[in-house]
Amino acid sequence: MLEIQNISVNYNKSGKPAVENFSLTVKQGEICCLVGESGSGKTSVIRAVMGNLPGQGRVAQGDIFFQGESLLSYTANDWKKIYGTEISMIFQDSGSMLNPIRTIGSQFVEYIRAHGDYPRKDAWEKGVQMLERSCLPDGKNIMKSYPFQLSGGMKQRVGIAFAMVFKPKLLLADEPTSALDITMQAQMIRQMMKLREEYDTSIIMITHNLALAAYMSDHIVVMKDGKITDSGDRDHILHNSQAEYTKKLLSAVPSLGGYYYV
Ligand SMILES: Nc1ncnc2c1ncn2[C@@H]1O[C@H](COP(=O)(O)OP(=O)(O)OP(=O)(O)O)[C@@H](O)[C@H]1O
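Residues numbered from 1 in each chain as written. Predicted model: local features only at pLDDT ≥ 70, side-chain atom pairs only at ≥ 80, totals over all residues. Heavy atoms only, no water.

Per an unreviewed UniProt entry, the protein is named ABC transporter ATP-binding protein, and its organism is Lacrimispora defluvii. Under the heading Subcellular location (unreviewed entry), UniProt records this for the protein: "Cell membrane". Recorded under Sequence similarities (unreviewed entry), the UniProt text for the protein is reproduced unchanged: "Belongs to the ABC transporter superfamily." (UniProt positions renumbered as here; feature names shortened; annotations may be inferred.)

J.: Summarise the sheet that holds strand β5 (residues 69–70); cite the residues concerned and give the values.
T.: Taken in spatial order, the four strands line up as β2-β1-β4-β5 in an open sheet, and their pairing is antiparallel. Of all the strands in the sheet, the pair left with one neighbour each is β2 (19–26) and β5. Pairing between strand β1 (residues 2–10) and β2: five bridges, direction antiparallel. The residue bridging E3 from the neighbouring strand is T25, located in β2. Here helix α1 (residues 42–50) sits on the sheet and contacts β1, β2 and β4 (58–66); the angle it forms with β1, its principal contact strand, is near 115°. (Pairing = 2+ DSSP bridges. Helix = DSSP H or I, 4+ residues; strand = E, 2+ residues; numbered from the N terminus. Contact = heavy atoms within 4.5 Å. Axes fitted to C-alpha atoms, helices over the stretch in contact; angles between N-to-C directions.)

J.: Talk me through the site of the ligand; I want residue IDs and the actual numbers.
T.: Within the structure, the ligand sits among Y11, A18, E37, S38, G39, S40, G41, K42, T43, S44 and P54. Between the ligand and S38 there is a distance of 2.5 Å, counted from an oxygen atom to a side-chain nitrogen or oxygen. In this structure, an oxygen atom belonging to the ligand sits 2.9 Å away from a side-chain N or O atom of K42. Burial of the ligand by the protein chains amounts to 57% of its free accessible area of 630 Å². Classifying every residue of the shell around the ligand by side-chain character gives three nonpolar, six polar and two charged. (Near = heavy atom within 4 Å. Polar contact = N/O pair within 3.5 Å; in protein donor to acceptor, adjacent residues only side chain to side chain. Areas by Shrake-Rupley, 256 points an atom, 1.4 Å probe, with all protein chains shown as cover. Nonpolar A, V, L, I, M, F, W, Y, C, P; charged D, E, K, R; others polar.)

J.: Which residues make up the sheet that holds strand β3 (residues 31–36), and what values do they have?
T.: Think of a sheet as strands paired side by side through backbone hydrogen bonds, with each pair either parallel or antiparallel. Ordered in space as β6-β7-β8-β3-β9-β10, the six strands form an open sheet in which the pairing is mixed. Two strands close off the open sheet at either side, each with one partner strand: β6 (87–90) and β10 (227–233). For this sheet, the mean inter-axis angle between neighbouring strands, taken without regard to orientation, is 15°. With four bridges connecting them, β6 and strand β7 (residues 170–174) associate as parallel partners. Paired with M89 across the bridge in β7 is L172. Packed onto the sheet, helix α7 (residues 182–199) meets β3, β7 and β8 (202–206) and runs at close to 155° relative to β8. Where helix α10 (residues 244–251) meets the sheet, it contacts β3, β9 (219–224) and β10, and its direction lies at approximately 105° from that of β9.

J.: Got a sec to walk through the pattern of salt bridges? Specific residues and values, please.
T.: Here the structure, examined in full by the defined rule, presents seven salt bridges. A salt bridge links E20 to K227; its shortest N-O distance comes to 3.8 Å. Placement of the pair is E20 in strand β2 and K227 in strand β10, with a sequence separation of 207 residues. Where E198 meets R133, a salt bridge forms, and the shortest distance between an N and an O atom there is 2.8 Å. (Salt bridge = Lys/Arg side-chain N within 4 Å of Asp/Glu carboxyl O.)

J.: So what about the side chain of T103? Which residues, and what values?
T.: Mapped onto the elements of the fold, T103 is located in the loop between β6 and α3 (104–115). A relative accessible area of 18% means that T103 is categorised as buried. Looking at T103, its side chain comes within polar contact range of the main-chain nitrogen of S106, at 3.1 Å. (Buried < 20%, exposed > 50% of the residue type's maximum accessible area, 1.4 Å probe, protein only.)

J.: Tell me about the UniProt feature "domain: ABC transporter" (unreviewed entry) in the protein, residues and numbers included.
T.: The feature "domain: ABC transporter" (unreviewed entry), as given by UniProt, occupies residues 2–250 in the numbering adopted here. For the annotated span residues 2–250, helix accounts for 40% and strand for 24% of the residues, and the straight-line distance between the end C-alpha atoms is 28 Å.

J.: Kindly report on the packing of aromatic side chains, identifying the contributing residues and their values.
T.: As enumerated under the stated definition, the model contains five aromatic pairs in all. Judged by centre distance (5.9 Å) and plane angle (65°), the ring pair of Y74 and W79 falls under edge-to-face. Owing to a relative accessible area of 12%, W79 belongs among the buried residues under this scheme. Arranged with centres 5.2 Å apart and planes meeting at 35°, the rings of Y111 and F162 form a pair that is tilted. Of this pair, Y111 sits in helix α3 while F162 is found in helix α6 (residues 152–164), placing the two residues 51 residues apart along the sequence. Y111 gets classed as buried once you look at its relative accessible area, which sits at 17%. The lysine or arginine in question, K224, covers the ring of Y245, its NZ or CZ lying 5.4 Å from the ring centre. (Phe/Tyr/Trp six-rings, centres within 6.5 Å; stacked < 30°, edge-to-face > 60°. Lys NZ or Arg CZ within 6 Å of the ring centre and 35° of its normal.)

J.: Break down the nonpolar core for me, citing the residues and quoting the values.
T.: Counting residues in hydrophobic clusters, the biggest one holds 50 residues, and the most contacted among them are F108, M130, L131, V158, M192, M205 and M216. Viewed by domain, this core spans two of them, domain 1 (1–86 + 171–262) and domain 2 (94–167), each represented by three or more residues. The next biggest cluster of nonpolar side chains, apart from the first, holds 31 residues, and it includes L34, W79, I206 and M223. (Core = buried A, V, L, I, M, F, W, Y, C linked by side-chain atoms within 4.5 Å. Domains from an automatic or database assignment.)

See the structure below:
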């Protein structure tokens, strides 16, 4: 479904690449977590997939295939067609993307109609339905609310509802829960896993929390200094990894009887 082939990402011509020789295959419905310390290159990888590296960032080597097509050859127009419908992204603070002086409903209806041919009323219904599926029970009320009337966790769920409304095949999530308290984090993660169950969406999630990765992912990639230091299915990483850096990360995670806890 997604095939990242040996990419390197550079932010300047002469400097050391931010990501070096990174490869990853993600199957339909698979959840893959990228873990590693700050600055290890996780965000650069998913921004490369999204075609929106900041500043002078570019993929200097390798290729990225989505459903058999190279994403690196996509024009802005191609991206417009697939962004939101085939590939979506949730940011650490998706709530801050909302316009503070417009209701959620007017923004959601506009978003839905920009991506699909829906009459206003149907777009409204679709928005309400998606908010309710995203654990915001009173969808109609949320639609009528302004962002400042919602808590941080609620706004983040609204961000997820936007990202999932067209049942994308691939969801990229950059630390989607790190700004939330622990109870809300757990709810959000369960919600993302439920969405995977319902829509068979593949998810690549960035987290610096290996315990969280252990809880939700099928596949874990550990990064350090722009390189993959370890990669494998969850059980391999948790129980059989020989990589020193993985062992170090694991030693920081509370465990009981061989199970790791978020
Ligand atoms: N806009 C940019 N311009 C120049 N260098 C950048 C830019 N964004 C990231 N980098 C560099 O790329 C490297 C990897 O950063 P990246 O943000 O991908 O790591 P990360 O693992 O996601 O870190 P964090 O967890 O802090 O977000 C870092 O050395 C960083 O300095």
